[in-house]
Amino acid sequence: MRWYRPPHSEDSPIGPVLLWLHGGGFFRGSLDQPEAHAVAESLAQNGVTVVTADYRLCPPPGMPWAPARKGRARGRYPLPLDDVMTAYHELRSRSSRGVLLGGASAGACLAAAATLRASDEGAHAAGTVLAYGFFHAVHPRRTDSRARSRGLRRLSHATWALDLANRNYAGPGHMLADRLAFPGGHRIDGFSRTLVVNAEHDNMRVSGDQFADELGAIGVNLQHHVLAGTRHAFLNSPDTQPFRDAIALIAAWSFGTTTRPV
């Protein structure tokens, strides 16, 4: 766990603490990648107290023999979620203003699952931030070409490859349908206010948009944005306008500021 505090905040955060989770398909990624470090650093500069948390990664698809990462054993669901919940409860014990859960891509899926598990445990999150996440065991298909990934990601993020990564994370077949592995399409009551920020040209946007619709259908206080012209993982590019736009949205939302949907 790494803490990122706003300048001059001392030890007392102004608002809720945001627990932020990186992406990487559940099998790669770290606290050093821009999607974790640069996001947390930028949000802290905008007044948000952020904690990034590492979690166990599963083996790469088709490589169950892959070695441990930095001496830490790999593990499939529910072990990564267990790690997130350990960090979440630690933060709840230290924050008097509540804890927000958030993440990008696979980290968004974990944040959504942690939100539900926290609700089940009676330890409700103060809110949830979901950046270009996917939430369904089988990725929904869409014929709209504008929502499809472009360039090399047309292959690496093909829906069949994304489904393979999901099965790799879930492990035994029955786990794929577990509500806390992939919350999409399941009972999801227990969410407090939620911010969804999706990339426009992204095969995962179909799941992100659909999950936002599912949240809206049960009356969740929801902001749903699709950033024009963006592609998956734009939070790994800190020197771009989409990165700055997303940081502004998350910071404003964290403090309860109303923003106009894009």
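Residues numbered from 1 in each chain as written. Predicted model: local features only at pLDDT ≥ 70, side-chain atom pairs only at ≥ 80, totals over all residues. Heavy atoms only, no water.

Colleague: I would appreciate a short explanation of the overall build of the chain in the present structure.
Modeller: For the chain, the count of helices and strands is seven helices and seven strands. Buried positions account for 56% of the 262 residues belonging to the chain. Nonlocal contacts in the chain, meaning residues at least 24 apart in sequence, comprise 78% of its contacts between residues at least 6 apart. Taken as a whole, the chain presents about 11,200 Å² of accessible surface, with 51% of it coming from carbon and sulfur. (Helix = DSSP H or I, 4+ residues; strand = E, 2+ residues; numbered from the N terminus. Buried < 20%, exposed > 50% of the residue type's maximum accessible area, 1.4 Å probe, protein only. Contact = heavy atoms within 4.5 Å. Areas by Shrake-Rupley, 256 points an atom, 1.4 Å probe, with all protein chains shown as cover.)

Colleague: In this structure, what is going on with helix H6 (residues 205–217)? I would like to understand it.
Modeller: Because an α-helix completes one turn every 3.6 residues, residues spaced three or four positions apart along the sequence face the same direction. Taking 1.5 Å of rise per residue, the 13 residues of H6 would be expected to cover 18 Å, and the 18 Å separating its terminal C-alpha atoms lies within 8% of that figure. Within H6 the residues assigned to the buried category are Arg 205, Val 206, Ser 207, Gly 208, Asp 209, Phe 211, Ala 212, Glu 214 and Leu 215. Packed against the buried residues of H6 are helix H3 (106–120), strand S5 (127–131), strand S6 (194–201) and strand S7 (222–231). Two residues or fewer after H6 comes Gly 219, characterised by a positive phi angle close to 85 degrees. (Expected span 1.5 Å × (residues − 1).)

Colleague: What is the right way to read empty space enclosed by the protein from this model?
Modeller: In this approach the atoms are scanned with a rolling probe the size of a water molecule, which exposes any empty space left behind. With the rule as written, the count across this model stands at one cavity of 30 Å³ or more. There is about 30 Å³ of room inside the largest cavity. Taken together, Arg 56, Leu 57, Arg 69, Arg 72, Ala 73 and Arg 74 form the lining of the largest cavity. For the lining of the largest cavity, the residue count by class is two nonpolar, no polar and four charged. (1 Å grid on protein atoms, 1.4 Å probe; cavity = no way out; pocket = protein on both sides within 12 Å on 5 of 7 lines; lining within 4 Å. Points joined across faces, edges and corners; volume = space filled by probe spheres on them. Nonpolar A, V, L, I, M, F, W, Y, C, P; charged D, E, K, R; others polar.)

Colleague: What should I look at first to understand the side chain of His 232 in this one?
Modeller: Within the fold, His 232 resides in the loop between S7 and helix H7 (241–254). Among the polar contacts listed, one links the side chain of His 232 to the side chain of Ser 105, at a separation of 2.9 Å. Among the polar contacts made by the side chain of His 232, one reaches the side chain of Asp 202 at a distance of 2.8 Å. (Polar contact = N/O pair within 3.5 Å; in protein donor to acceptor, adjacent residues only side chain to side chain.)

Colleague: When you look at the nonpolar core in this model, what are you seeing that I'm missing?
Modeller: Side chains of nonpolar character tend, in soluble globular proteins, to be buried together. Counting 50 residues, the largest nonpolar core has Leu 19, Phe 26, Tyr 88 and Phe 182 as its most contacted members. Elements supplying a minimum of two residues to this core: strand S2 (17–21), helix H2 (79–94), strand S4 (99–104), H3, helix H5 (159–170) and H6. With ten residues, H3 is the largest single contributor of residues to this core. One finds Trp 20, Leu 100, Ala 104 and Trp 253 within the second-largest nonpolar core, a separate group that totals 29 residues. (Core = buried A, V, L, I, M, F, W, Y, C linked by side-chain atoms within 4.5 Å.)

Colleague: How should the pairing of S7 be read in this particular structure?
Modeller: Bridging between S6 and S7 involves seven bridges; their strand directions are parallel. Residue pairing for S7: Val 197 is matched across the bridge by His 225. Read as a crossover between parallel neighbours, the route from S6 over H6 to S7 is right-handed. (Pairing = 2+ DSSP bridges. Right-handed = clockwise from strand over helix to strand, strands pointing away.)

Colleague: It is not clear to me how the environment of Leu 81 should be interpreted in this structure. Could you clarify?
Modeller: As for its placement among the helices and strands, Leu 81 is situated in helix H2. When its relative accessible area of 0% is taken as the criterion, Leu 81 is described as buried. Taking the C-alpha atoms as reference points, Leu 81 and Ala 113, separated by 32 residues in sequence, lie 7.6 Å from one another. Residues within four places of Leu 81 in sequence aside, it is in contact with Leu 110, Ala 113, Ala 114, Arg 117 and Leu 180.

Colleague: Quick question: what am I supposed to make of the pattern of salt bridges here?
Modeller: Should their charged atoms come close, side chains of opposite charge can pair. Enumeration over the complete set of coordinates arrives at eight salt bridges. Asp 82 is the partner of Arg 117 in a salt bridge, and the nearest nitrogen-oxygen pair spans 2.8 Å. Of this pair, Arg 117 sits in helix H3 while Asp 82 is found in helix H2, placing the two residues 35 residues apart along the sequence. On the accessibility criterion, Asp 82 (24% relative accessible area) is partly exposed. Here the salt bridges share partners, and the residues they tie into one network are Asp 82, Arg 117 and Glu 121. (Salt bridge = Lys/Arg side-chain N within 4 Å of Asp/Glu carboxyl O.)

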